[in-house]
Amino acid sequence: MRFKVVIPARYDSSRFPGKVLKKIGKLSMLECVYNNAVKSNASEVFIATDSDIIFKEAGAFTNKVIMTSCLNKNGTERVAELATILQWKDSELVINLQADMPELKYDNINFLAEKSINNKGLSTLYYPLSSPLQNSDKNTVKIELDDNGINFYRVLSDSTDRGNIYKHIGIYAYLVKDLLLYQSYPQSENEISLSLEQCRFLDNQLKIQAYKAVSDPGISVDSVDNLNEIKSVNN
């Protein structure tokens, strides 16, 4: 099984600017994510950024940093641009690993690659919600799995059946041909309203498949509090 990992990394995060370069112990968050990725079975691991600051910082620990356009709307578009720059084949499997998930280990990367090797559209992971408070936490993206398909939420309504709701994990797998198809569509209504890039797949009737992560992927760092929580665990 052959696949590549791309870590899209922005400096100007709207909720927490510069977060991917914040330190966890002696390493930046981005380097922690990169180190987890290179432990996987990926043939190559790249960082895709539009930031000179990140390009310089990441260049200290890898030579596989690629500058991409500041016009990309999200990480999936950035990964698609990198695939075009490097002229990857349509059949190449690519894992998009978010740069703000330093606790997501290589076992989940390998697992998703194994599950998605023959899939069309988008493949991703989920994990049980750790607290009822996450139901109303906008930064915890929820995924609903039922017989009618898959949906994503920021906040759950009172009428939502909690039995089919899980935490969505920020890791995606796709073939390059599906990445380029995604890139050809304009931003969709739910993608914009929820600020969730994966909704462009749903809104254009592209297939999404989700699998339960094999180990706890930890938290996505969206705030200083999240960062401090991870630091307290790793100290």
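Residues numbered from 1 in each chain as written. Predicted model: local features only at pLDDT ≥ 70, side-chain atom pairs only at ≥ 80, totals over all residues. Heavy atoms only, no water.

A. Region of the structure containing the overall build of the protein. Across its full length, the protein holds eight helices and eleven strands. Computed over C-alpha atoms, the radius of gyration of the protein comes to 17 Å, within 12% of the 18 Å expected from 2.2 N^0.38 for 235 residues, which places it in the range of a compact globule. In terms of overall dimensions, the protein has C-alpha extents of about 50 × 45 × 30 Å along its principal axes. A separation threshold of at least 6 residues defines the contact pool for the protein, and within that pool the share at least 24 residues apart is 67%. Surface summary for the protein: the accessible area is close to 11,300 Å², and the carbon and sulfur share equals 47%. In the protein, 27 side chains carry a positive charge and 29 a negative one; their mean positions are 5 Å apart. (Helix = DSSP H or I, 4+ residues; strand = E, 2+ residues; numbered from the N terminus. Rg over C-alpha atoms; globule rule 2.2 N^0.38 Å. Contact = heavy atoms within 4.5 Å. Areas by Shrake-Rupley, 256 points an atom, 1.4 Å probe, with all protein chains shown as cover. Lys, Arg positive; Asp, Glu negative; His and termini not counted. Charge placed at Lys NZ, Arg CZ, Asp CG, Glu CD.)

B. Structural context of the nonpolar core. Ranked by internal contacts, the top residues of the largest apolar core, which has 33 residues, are Val5, Ile7, Leu30, Ile95, Leu97, Ile109 and Ile171. Sequence-distant contacts of Leu30, that is, excluding residues within four places in its chain, are made with Ile7, Ala9, Val20, Leu21, Ile47, Ile54, Ala58, Phe61 and Ala99. Core analysis: the second largest hydrophobic core is formed by 28 residues, Ile66, Tyr126, Ile150 and Ala210 among them. (Core = buried A, V, L, I, M, F, W, Y, C linked by side-chain atoms within 4.5 Å. Buried < 20%, exposed > 50% of the residue type's maximum accessible area, 1.4 Å probe, protein only.)

C. Representation of the packing of helix α3 (residues 75–85) against helix α5 (residues 176–184) in the model. In contact at an axis separation of 9 Å, α3 and α5 are set at 120° when each is read in the N-to-C sense. Considering the angle they form, α3 stands oblique to α5. As for how α3 packs across α5, the hand of that crossing is left-handed. Residue-level contacts link Thr76, Glu77, Val79, Ala80, Glu81, Ala83 and Thr84 of α3 to Val176, Leu179, Leu180, Tyr182 and Gln183 of α5. When the residues that make up the contact of α3 with α5 are grouped by side-chain class, the tally is seven nonpolar, three polar and two charged. (Axes fitted to C-alpha atoms, helices over the stretch in contact; angles between N-to-C directions. Parallel < 35°, antiparallel > 145°, perpendicular 65-115°, else oblique. Left-handed = near helix turned anticlockwise from the far one by under 90°. Nonpolar A, V, L, I, M, F, W, Y, C, P; charged D, E, K, R; others polar.)

D. A look at the packing of aromatic side chains. Applying the stated criterion to the full structure yields six aromatic pairs. Aromatic rings pair up to connect Tyr174, Tyr182 and Phe201 into one cluster. (Phe/Tyr/Trp six-rings, centres within 6.5 Å; stacked < 30°, edge-to-face > 60°.)

E. Up close: the pattern of salt bridges. Counting across every chain of the model gives eight salt bridges. Here Glu44 ties to Lys4 by a salt bridge, and the two come within 2.7 Å at their closest N and O atoms. Placement of Glu44 in strand β4 (residues 44–49) and of Lys4 in strand β1 (residues 4–9) is noted, with a sequence separation of 40 residues between them. Taking the relative accessible area as the measure of exposure, Glu44 reaches 23% and is therefore partly exposed. (Salt bridge = Lys/Arg side-chain N within 4 Å of Asp/Glu carboxyl O.)

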